[in-house]
Amino acid sequence: MTQQDVIESRTIPELFHRRCLSTPDARAYSQEYNGEWKSVSYGEYEKIIAAMTLALRARGFGKGDHIAIWADTMAEWTISDIAIMSAGGVAVGIFQTLTPEQAAYILNDCQAKAICVDTPERLEGARQLRELAPSVQTIILLQGKGEGDDFVRLEDLLAQGKEILANDPEAFTRCIQEVDPEDPCTLIYTSGTTGEPKGAIHSHAGAVFTSLQTYRGVGLTTDDSTVSFLPMSHVAEHFCAFIVRLFAGSSTSFCPDMTKVAEVIRMSSPTYVGGVPRVFEKVYGKVVAGVAAAPPKKQKLFHWAVGLGKQKLSMNGTAPSFAFRLQHKIADKLVLSKIRAALGGRVRFIVCGAAPIDPEIIEFFYAIGIPFLEAYGMTESGGISHGNTLDGCKIGSVGRCVEGFECKLAEDGEILVRGPGLFKGYLNKPEQTAEALDEDGWLHTGDIGEVDADGYYRITDRKKNIIVTANGKNVAPAPIEQSIGGEALVSQVVVIGDKRKFLTALITLSEESLAEYASRHGVTIEEAHESAEVKARIKLAVDAANEKLARYEQIKDFRILPREFSIEADEMTPTMKLKRRVIEDHYRQEIDSMYAVEA
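Presented here is an overview of the structure given in this document. (Residues numbered from 1 in each chain as written. Predicted model: local features only at pLDDT ≥ 70, side-chain atom pairs only at ≥ 80, totals over all residues. Heavy atoms only, no water.)

## Notes on the sheet that holds strand S10 (residues 225-228)
Working step 1: An order of S2-S1-S11-S10 is seen for the four strands of this open sheet, with the pairing classed as mixed. Across the chains shown, the open sheet's two edge strands, defined by having one partner strand only, are strand S2 (36-41) and S10. Adjacent strand axes in the sheet meet at a mean angle of 20 degrees when their direction is disregarded.
Working step 2: Bridge count for strand S1 (residues 27-33) against S2 is six bridges, and the pairing is antiparallel. Opposite tyrosine 29, over in S2, you have valine 40 as the bridge partner.
Working step 3: The strands that helix H3 (residues 42-58) touches are S1 and S2; relative to S2, the one it contacts most, it runs at about 85 degrees. (Pairing = 2+ DSSP bridges. Helix = DSSP H or I, 4+ residues; strand = E, 2+ residues; numbered from the N terminus. Axes fitted to C-alpha atoms, helices over the stretch in contact; angles between N-to-C directions. Contact = heavy atoms within 4.5 Å.)

## Focus: the pattern of salt bridges
Working step 1: Tallying each qualifying case throughout the model produces 34 salt bridges.
Working step 2: Residue lysine 63 is joined to aspartate 183 by a salt bridge in which the shortest nitrogen-to-oxygen separation is 2.5 Å. Separated by 120 residues along the polypeptide, lysine 63 in the loop between H3 and strand S3 (66-70) and aspartate 183 in the loop between helix H8 (171-177) and strand S8 (184-189) bring together distant segments of the chain.
Working step 3: Overall, the relative accessible area of 17% leaves aspartate 183 in the buried class.
Working step 4: Ionic contacts of the salt-bridge type, sharing partners, join the residues Arg10, Glu14 and Arg18 into one network. (Salt bridge = Lys/Arg side-chain N within 4 Å of Asp/Glu carboxyl O. Buried < 20%, exposed > 50% of the residue type's maximum accessible area, 1.4 Å probe, protein only.)

## Description of the nonpolar core
Side chains of a nonpolar character, in soluble globular proteins, are inclined to be buried together.
Working step 1: The biggest cluster of nonpolar side chains holds 120 residues, and the ones touching the most others in it are Tyr45, Met52, Leu56, Phe280, Phe364, Phe365 and Phe372.
Working step 2: Counting residues per element, this core draws most heavily on helix H10 (residues 235-248), at nine residues.
Working step 3: Residues Phe95, Ala103, Leu107 and Ala133 belong to the second largest nonpolar core, which totals 26 residues. (Core = buried A, V, L, I, M, F, W, Y, C linked by side-chain atoms within 4.5 Å.)

## Observations regarding the sheet that holds S8
Working step 1: In spatial order, the strands read S7-S6-S5-S3-S4-S8-S9; together these seven strands make up an open sheet with mixed pairing. The strands lining the two open edges of the sheet, one partner per strand, are strand S7 (152-153) and strand S9 (199-203).
Working step 2: By the bridge criterion, four bridges tie strand S5 (residues 114-117) to strand S6 (residues 138-141) in an arrangement that is parallel. Each bridged residue has a counterpart across the sheet, and for cysteine 116 the counterpart in S6 is isoleucine 140.

## Regarding unusual backbone geometry
Working step 1: Positive phi, close to 50 degrees, is recorded for asparagine 34, a residue that is not glycine.
Working step 2: Residue placement: asparagine 34 occurs in the loop between S1 and S2.
Working step 3: Its identity is not glycine, yet serine 269 carries a phi of approximately 50 degrees, on the positive side.
Working step 4: Along the chain, serine 269 turns up in the loop between helix H11 (261-268) and strand S12 (272-275).
Working step 5: Classification of serine 269 as buried rests on a relative accessible area of 18%.

## What to know about the packing of aromatic side chains
Working step 1: Scanning the model with the defined rule gives 15 aromatic pairs in all.
Working step 2: On the numbers, 6.0 Å between centres and 85 degrees between planes, the contact of phenylalanine 280 with phenylalanine 365 is edge-to-face. In this pair, phenylalanine 280 sits in helix H12 (residues 277-293) while phenylalanine 365 sits in helix H15 (residues 359-367), placing the two residues 85 residues apart along the sequence.
Working step 3: Note on phenylalanine 502 and tyrosine 595: the rings are 4.8 Å apart at their centroids and 25 degrees apart in plane angle, and the pair reads as stacked. Of this pair, phenylalanine 502 sits in the loop between strand S23 (490-496) and strand S24 (503-509) while tyrosine 595 sits in the segment after helix H22 (588-594); the two residues are 93 residues apart in sequence, bridging distant segments of the chain.
Working step 4: An aromatic cluster of three or more residues is present, and its members are Phe16, Tyr29, Tyr42, Tyr45 and Phe254.
Working step 5: Positioned above the aromatic ring of tyrosine 426 is the side chain of lysine 198, whose terminal nitrogen or guanidinium carbon lies 5.2 Å from the ring centre.
Working step 6: The ring of tyrosine 595 carries arginine 500 above its face, with NZ or CZ at 4.1 Å from the centroid. (Phe/Tyr/Trp six-rings, centres within 6.5 Å; stacked < 30°, edge-to-face > 60°. Lys NZ or Arg CZ within 6 Å of the ring centre and 35° of its normal.)

## Brief notes about helix H14 (residues 322-341)
Working step 1: Within H14, the axis deviates most sharply at aspartate 332, by approximately 55 degrees.
Working step 2: Every buried residue belonging to H14 is among Phe324, His328, Ala331, Val335, Leu336, Ile339 and Arg340, and all of these are buried.
Working step 3: Looking at the packing, one finds that the buried side of H14 touches helix H13 (296-314) and H15. (Bend = angle between axes of the 7 residues up to and from the residue.)

## Describing the packing of H12 against H13
When two helices pack together, their arrangement is given by the angle between the helix axes and the distance between those axes.
Working step 1: In contact at an axis separation of 7 Å, H12 and H13 are set at 140 degrees when each is read in the N-to-C sense. Of the possible angle classes, the one that applies to H12 and H13 is oblique. Here H12 contributes Val287, Val291 and Ala292 to the contact with H13, which in turn contributes Gln299, Phe302 and His303.
Working step 2: Tallied by class, residues from the contact of H12 with H13 come to four nonpolar, two polar and no charged. (Parallel < 35°, antiparallel > 145°, perpendicular 65-115°, else oblique. Nonpolar A, V, L, I, M, F, W, Y, C, P; charged D, E, K, R; others polar.)

## Looking at the packing of helix H2 (residues 12-22) against helix H4 (residues 75-86)
Working step 1: One way to put it is that H2 packs onto H4 with a least axis distance of 8 Å and a crossing angle of 120 degrees. Crossing angle aside, the handedness with which H2 passes H4 is left-handed. In this structure, H2 uses Ile12, Pro13 and Phe16 to contact H4, whose residues at the interface are Ile82, Met85 and Ser86.
Working step 2: Across the contact of H2 with H4, the residue classes break down as five nonpolar, one polar and no charged. (Left-handed = near helix turned anticlockwise from the far one by under 90°.)

So this is what it looks like as structure tokens:
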């Protein structure tokens, strides 16, 4: 089995099977079990998935059946995913942070026949679903023993499947061959920044197409490795990370616990990292906070080294002088290489998407020697439709249209996308499908953008986020929020002003930067939060942003909130997008106080 055979795969199970035949001894993944890390080869991976596939078929699950996965990002998530698809079923990811009631909406919408859960604790949540979602016949526990007899353990499924495979060695291969490229492979529910989630239907052919184009764009090989920590129920980690690794034959270290991501990255030394802006904002914030706490000489050394890195970036490939090369070599040895070491020391590029990120953060990573590639896509486009590459990148853009896709701007600036990787529609929602996909096959993304002469796209804001002031001025909040967010103490910003005479902002403070400030000044976190100096720094950040803005775009007032927005408070989606309407509801009193004069 050659790499070309892998590339020519038509369905995800066929892709997985060919990958395992091509590189059976290569490491597929590593994961921690009871304090010890265990590595699994592609050959071993396939045996596990083959066993689960055949056990599912033996228990009556097959063509077109929906089976949900409610679990943290872990190897068993991917095992369940491929096994469900190989059995002819449709995998339905549920964000791990959802409540049983929220999960029940998805299960009822797709009439799921079974649900896979990762822990005995989540098992209790699944038990609550028996009355809320009566279609669920079976609960599968992926890890741990659990108590009771109303569920089946993964280890028991695997034992059953291995016995079937021993008696019929070709059974798994036949299952794979029965899967058609146009069959649905997964339902990916939108994160629901407004309204209820919608189940986007993706076919095997569409998922394979988008993942193949992503694989070609980033140029992964069997020597590459990464860390998986983003939700597998999100399209980026599912298609653009997991399935792309199958094309490349690269490996991953699974990290179900988000608090251990930095530790796992240092330990596993990945060659690339993918994530959402919030992840890299926190990395950058931690570095900046550490520098601020360092002695003046070290601060000066840091800024000198990073300044040289940014200077090299601005050369755009022009050969630097010998003197500059010597200085940069010293800077790299003393400073830049040590920052890279915190990311394992081997990262050759970063991929980021899902929301805007401050260009200053991108420049920082380039300056320390790690290319930072912004990409763009939606659940409905299979995760990616535009992307920067190592061969072609413009900071501040989301790159060019991915090969195989078409892209254009509507009259109002909305980005429209068309191509084989698009979803097939929303489950049970024909009206919303018609709104998203027009008669000519164009996906209306809802994002407003621009394109330059070289074909690089820039997202200016979400169409639904555009603020229309009482004076009739249209304002895109994202650039304003990014500008204020350049202050290290700032964590999140939400601009307010729809149907108002002027703009205001809700601002949260970075936990890391605040903790560093408190330590440096010998005060508590609460005292730091209320300090006059901190408030003055935030005001300076707002004033600096206002200087670059038209009068109608300027922030006239702001409030510093007592905590960061969170997923737990339903103020952020599991992919860390802000739920603006929820935030406005939660902080209505603070908002009204800023418009008391207007009233």
